[in-house]
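# Per-entry structural report
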Amino acid sequence: MGMFAWLRKHAQGVPGANDTALDADSAFAEAGPQTRFGLRPGATVSGLDFYQAIDFQRRWKLRLAAYVRGEARARQPWRDIARDDRCELGRWLYQAGSLQGRNAVLVQRLREQHALLHHAAAEIMRLADAGQRDAALQALRQGDFAHASHATVAGLSELFIALNEPAGEPGRQH
């Protein structure tokens, strides 16, 4: 499966594609060869490396799970994690004014899903900090975080496709 096929699958919300950790792994295996320096051709559009952003979602989920299990320390307090404008994707989304035109709806939807993701991650950390590790793990696996993570990856995929397809191409769905 090529890069666009994988991204289209996630942009369309294929049933069974709700475990972002597994899907991100398969994306990198299926998307084709890397360049000499580990970058994939065409992954950076309008200043954002979409592969890196999707991979970060996978790694964040894994780090958050390790934190909840007590296997890792937090890099930031949960109140800071709730801020969706401090990570690389958040900064990019808030500065994506040049993408407003034909992609304004996609950018806004992605911004909203990304904000929900940060709030859900903060709540998971808060639960873990309060000693409610079982509730935190449940929220991580099946709560708002899981849904927002999947929606963020789908939104990134959809935006990447939109930015790489010529305007008016028949396959576009917005």
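A quick note: this is a predicted structure, and the numbers were derived from the prediction, not measured.

## Quick look at the confidence of the model for the protein chain
In the predicted model, the protein chain carries a mean pLDDT of 78, and the fraction of residues at 70 or more is 68%. Here residues 14-39 is modelled with pLDDT under 50, and outside its nearest four sequence neighbours on either side it reaches 42 contacts, counting other chains as well.

## Focus: the side chain of histidine 114
When you line up the elements, histidine 114 lands in helix α6 (residues 100-129). Once you skip the residues sitting within four places of it in the chain, histidine 114 turns out to touch Asp84, Cys87, Leu89, Gly90, Leu93 and Thr152.

## Notes on the pattern of salt bridges
Evaluation of the coordinates by the stated rule reveals seven salt bridges. A salt bridge links glutamate 71 to arginine 69; its shortest N-O distance comes to 3.1 Å. Between aspartate 80 and arginine 86 there is a salt bridge, and its shortest N-O distance comes to 3.5 Å. On the accessibility criterion, aspartate 80 (27% relative accessible area) is partly exposed. Look at arginine 86 and you get partly exposed, because its relative accessible area is 42%. Sharing partners across several salt bridges, the network here consists of Asp55, Arg58 and Arg59.

## Considering the environment of leucine 48
Mapped onto the fold, leucine 48 is located in strand β2 (residues 48-49). Through-space distance from the C-alpha of leucine 48 to that of tryptophan 92 is 7.1 Å; in sequence the pair is 44 residues apart. If sequence neighbours within four positions are ignored, leucine 48 has contacts with Ala43, Ala53, Leu89, Trp92 and Leu156.

## Brief notes about helix α7 (residues 133-142)
Taken residue by residue, α7 has Ala136, Leu137 and Leu140 as its buried positions. Down the axis of α7, the buried side of the element spans an arc of 95 degrees, and every buried residue falls inside it. Opposite its buried face, α7 presents the exposed residues Asp134 and Gln142, each directed more than 90 degrees away.

## Here's the deal with the nonpolar core
In this structure, Leu64, Ile124, Leu140 and Phe145 are the most contacted members of the largest nonpolar core, which totals 20 residues. Of all the secondary structure elements, the ones that give two or more residues to this core are α3 (50-68), α6, α7 and α8 (144-164). The element that contributes the greatest number of residues to this core is α6, accounting for eight residues. Not counting residues within four places of it along the chain, the set of residues in contact with leucine 140 comprises Lys61, Leu64, Ala65, Ile124, Phe145 and Ala146. Counting 19 residues, the second largest nonpolar core, distinct from the first, contains Val45, Val153, Leu159 and Phe160.

Conventions we followed
Residues numbered from 1 in each chain as written. Predicted model: local features only at pLDDT ≥ 70, side-chain atom pairs only at ≥ 80, totals over all residues. Heavy atoms only, no water. pLDDT = per-residue confidence, 0-100. Contact = heavy atoms within 4.5 Å. Helix = DSSP H or I, 4+ residues; strand = E, 2+ residues; numbered from the N terminus. Salt bridge = Lys/Arg side-chain N within 4 Å of Asp/Glu carboxyl O. Buried < 20%, exposed > 50% of the residue type's maximum accessible area, 1.4 Å probe, protein only. Arc of directions from axis to C-beta. Core = buried A, V, L, I, M, F, W, Y, C linked by side-chain atoms within 4.5 Å.

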